[in-house]
Amino acid sequence: SIEPVMAAGATNQTNVETVNGTQTNVSVSNFAAGVYTWNVTCLDGVRLTNTSTARSFTIDSSPPDVQALNTPAARQNFTTGGTIIFNASISNSSGSAIQAVRFQVTNGSSARVNLTASATNATLFNASLAVTGIVDGNHSVIIFANDTSGNMNNSLNTTFVVDTKAPSVVELYNLTEGINTSKNVPTFSFQGNDSIAEVLICEVVIDANVNITGITATNGTTKNQVADRAIAEGNHNWSVRCNDSVR
């Protein structure tokens, strides 16, 4: 017989009969979360006893604590030649070790990109992705953290932007080719168009010289900008240059 099964210094099962040389399974329930040691004492028919060595196990039903996604920052922009660094702070105080951390990244209509993180210390986990490995557009990243007890946390996510294309040719609306105007402080109307950026930063160029800088223009919307100084009489050329947020 087996008498008793010990865990955490308490007797959990007694008088369990077993056939000599045969494996016996005993179920014990209602353990609270924590780390335990266990052993078995066996008695034969004449009450001689022997006790096994002690082994340990952990009861852990709590997932790892994903404390922060340190990079990338929310809505951060990445462009040609860049590398996206994913860094998260993760800990687990419930007794089990962190087994694996994965960053899952959306990739447009293609399959999601799964990146296995490496630990730089006990709580920081890193992975990286070249901009060339992902399509242009808005993306989200979810952190999956597993511990050795099989608990998972995927509660934290953020978004970022990949934009490798410059804005389209700016459309000029008023002051069309060859037009005459009596205003020496004219209004320039134009529209910048970009596939991703919501806001463009533009400048008006007159006769190859920048006349107005730092113009904030909403993507796909007509912008009416008054010249910031009087323009002399005569023939003039004008154009507009726009940058998106990742320049």
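For the structure, see preceding data.
On a predicted model such as this, the values are computed, not experimentally measured, just so you know.

1. Quick look at the pairing of strand β21 (residues 238-243)
Residues Trp238, Val240 and Cys242 line the buried face of β21, whereas the alternating positions Ser239, Arg241 and Asn243 sit on a face that is not buried. Sheet topology note: the strand β18 (residues 199-206)/β21 ladder contains six bridges and is antiparallel. Across the sheet, Val204 pairs through a bridge with Val240, a residue of β21.

2. A closer look at the sheet that holds strand β17 (residues 187-191)
Taking strand neighbours across the sheet as the criterion, the three strands line up as β16-β17-β20 in an open arrangement whose pairing is antiparallel. At either end of the open sheet lies a strand with only one pairing partner, and these are β16 (171-172) and β20 (222-226). Pairing between β16 and β17: two bridges, direction antiparallel. Across the sheet, the residue bridging to Glu171 is Gln191, located in β17.

3. Topic: the state of the cysteines
Applying the stated criterion to the full structure yields one disulfide. Here Cys202 is linked by a disulfide to Cys242, with a sulfur-sulfur distance of 2.0 Å. Because the torsion about its S-S bond is 105°, the bridge between Cys202 and Cys242 counts as right-handed. Placement of the pair is Cys202 in strand β18 and Cys242 in strand β21, with a sequence separation of 40 residues. For the pair Cys202 and Cys242, a shared accessibility class is recorded, and that class is buried.

4. A word on the nonpolar core
Formed by 23 residues in total, the largest nonpolar core has its most connected members in Phe86, Phe103 and Phe160. The biggest single contributor to this core is strand β8 (residues 83-91), with four residues. Apart from the residues within four sequence positions on either side, Phe160 is in contact with Pro72, Arg75, Gln76, Phe78, Ile84, Phe86, Val105, Ile134, Gly137, Asn138, His139 and Val141. Listed in part, the 17 residues of the second largest apolar core include Leu175, Ile212, Ala217 and Trp238.

5. A short note on the packing of aromatic side chains
The final tally for this structure, using the stated rule, is seven aromatic pairs. Look at Phe78 and Phe160: their rings are 6.0 Å apart centre to centre, the planes differ by 85°, and that puts the pair in the edge-to-face class. Of this pair, Phe78 sits in strand β7 (residues 76-78) while Phe160 sits in strand β15 (residues 157-162); the two residues are 82 residues apart in sequence, bridging distant segments of the chain. The class of Phe160 is buried, set by a relative accessible area of 0%. Measuring from centroid to centroid gives 4.9 Å for Phe188 and Trp238, while their planes differ by 45°, and the two rings are tilted. Highlighted residues: Phe188 in strand β17 and Trp238 in strand β21, separated in sequence by 50 residues.

6. Focus: the side chain of Asn153
Here Asn153 is to be found in strand β14 (residues 152-153). Reaching out from Asn153, the side chain makes a polar contact with the backbone oxygen of Pro64 at a distance of 2.8 Å. Residues contacting Asn153, with those up to four places away along its chain left out, are Pro63, Pro64, Asp65, Val66, Ile143, Phe144 and Ala145.

7. Thoughts on the sheet that holds β8
With antiparallel pairing, the four strands of this open sheet are ordered in space as β6-β8-β12-β11. At either margin of the open sheet sits one strand with a lone partner, and together these are β6 (65-71) and β11 (118-119). Of the strand pairs in this sheet, β6 and β8 are connected by five bridges, and their pairing is antiparallel. When the bridges of β8 are listed, Asp65 appears paired with Ser91.

8. Brief notes about the environment of Gly137
In this fold, Gly137 is placed in strand β13 (residues 137-147). The spacing of Gly137 and Ile196 is 59 residues in sequence and 6.4 Å in space, taken between C-alpha atoms. Setting aside chain neighbours within four positions, we find Gly137 in contact with Phe160, Val161, Val162 and Ile196.

9. Describing unusual backbone geometry
Residue Pro72 follows Thr71 across a cis peptide bond; omega there is 0°. Its location among the elements puts Pro72 in the loop between β6 and β7. Positioned with a positive phi, Asp207 is a non-glycine residue whose angle comes to about 55°. Secondary-structure assignment places Asp207 in the loop between β18 and β19 (209-218). Residues other than glycine seldom take positive phi values, yet Ala208 does so here, at roughly 70°. Secondary-structure assignment places Ala208 in the loop between β18 and β19. Given the relative accessible area of 72%, Ala208 is considered exposed.

Each value, and the rule that gives it
Residues numbered from 1 in each chain as written. Predicted model: local features only at pLDDT ≥ 70, side-chain atom pairs only at ≥ 80, totals over all residues. Heavy atoms only, no water. Buried < 20%, exposed > 50% of the residue type's maximum accessible area, 1.4 Å probe, protein only. Helix = DSSP H or I, 4+ residues; strand = E, 2+ residues; numbered from the N terminus. Pairing = 2+ DSSP bridges. Disulfide = S-S within 2.5 Å. Core = buried A, V, L, I, M, F, W, Y, C linked by side-chain atoms within 4.5 Å. Contact = heavy atoms within 4.5 Å. Phe/Tyr/Trp six-rings, centres within 6.5 Å; stacked < 30°, edge-to-face > 60°. Polar contact = N/O pair within 3.5 Å; in protein donor to acceptor, adjacent residues only side chain to side chain.

Any functional reading would require information beyond the geometric quantities listed.
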